[in-house]
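Residues per chain, in single letters:
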Amino acid sequence: MAIGAFDRLDVALVKKYNSLKVDNPIIGNSMVDPNKMYEAMNDYALMHRSMLDIQAKLRSTCKDAIAPGIQYHKTKQLKNRTNPAT
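Just so it is clear, the structure is predicted and the values come from calculations on it, not from any experiment. (Residues numbered from 1 in each chain as written. Predicted model: local features only at pLDDT ≥ 70, side-chain atom pairs only at ≥ 80, totals over all residues. Heavy atoms only, no water.)

Peer 1: Sorry if this is basic, but what is going on with the overall build of the chain here?
Peer 2: Along its length, the chain carries 2 helices and 0 strands. The buried share of the chain, taken over its 86 residues, is 0%. (Helix = DSSP H or I, 4+ residues; strand = E, 2+ residues; numbered from the N terminus. Buried < 20%, exposed > 50% of the residue type's maximum accessible area, 1.4 Å probe, protein only.)

And the structure:
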């Protein structure tokens, strides 16, 4: 992968903006402490994982409670596809 201008337009833009200086904004006290951000992200991930575990347990409990009560009824006679004469 090449770095730099690829055509005349890119070369012209590089020449035009080469001499300009861009001041980076000063990041002051408004920035969030990285350790607090990490802790918040970790807490959110743990809460999400706990909710997924609760959801899996609830799904399993509901399935175990509902499954014994399911009754299947044969509604119609299926045709035998192996023997077309019948």
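Peer 1: Please clarify how a nonpolar patch on the surface should be interpreted in this entry.
Peer 2: Together, L9, L13, Y17 and L20 make up an exposed nonpolar region whose accessible area comes to about 420 Å². By the secondary structure assignment, L13 is in helix α1 (residues 8-17). What makes L13 partly exposed here is its relative accessible area of 40%. (Patch = residues over 30% accessible without salt bridge, like charges linked within 9 Å, V, L, I, M, F, W, Y side chains within 5 Å. Areas by Shrake-Rupley, 256 points an atom, 1.4 Å probe, with all protein chains shown as cover. Salt bridge = Lys/Arg side-chain N within 4 Å of Asp/Glu carboxyl O.)

Peer 1: I would appreciate a short explanation of helix α2 (residues 34-66) in the present structure.
Peer 2: Helical geometry: 3.6 residues make up each α-helical turn, so side chains three or four residues apart lie on a common side. With 33 residues, α2 should cover 48 Å at 1.5 Å per step; its first-to-last C-alpha distance of 48 Å lies within 8% of that length. By the criterion of burial, α2 is predominantly exposed, with just 0 of the 33 residues buried. (Expected span 1.5 Å × (residues − 1).)

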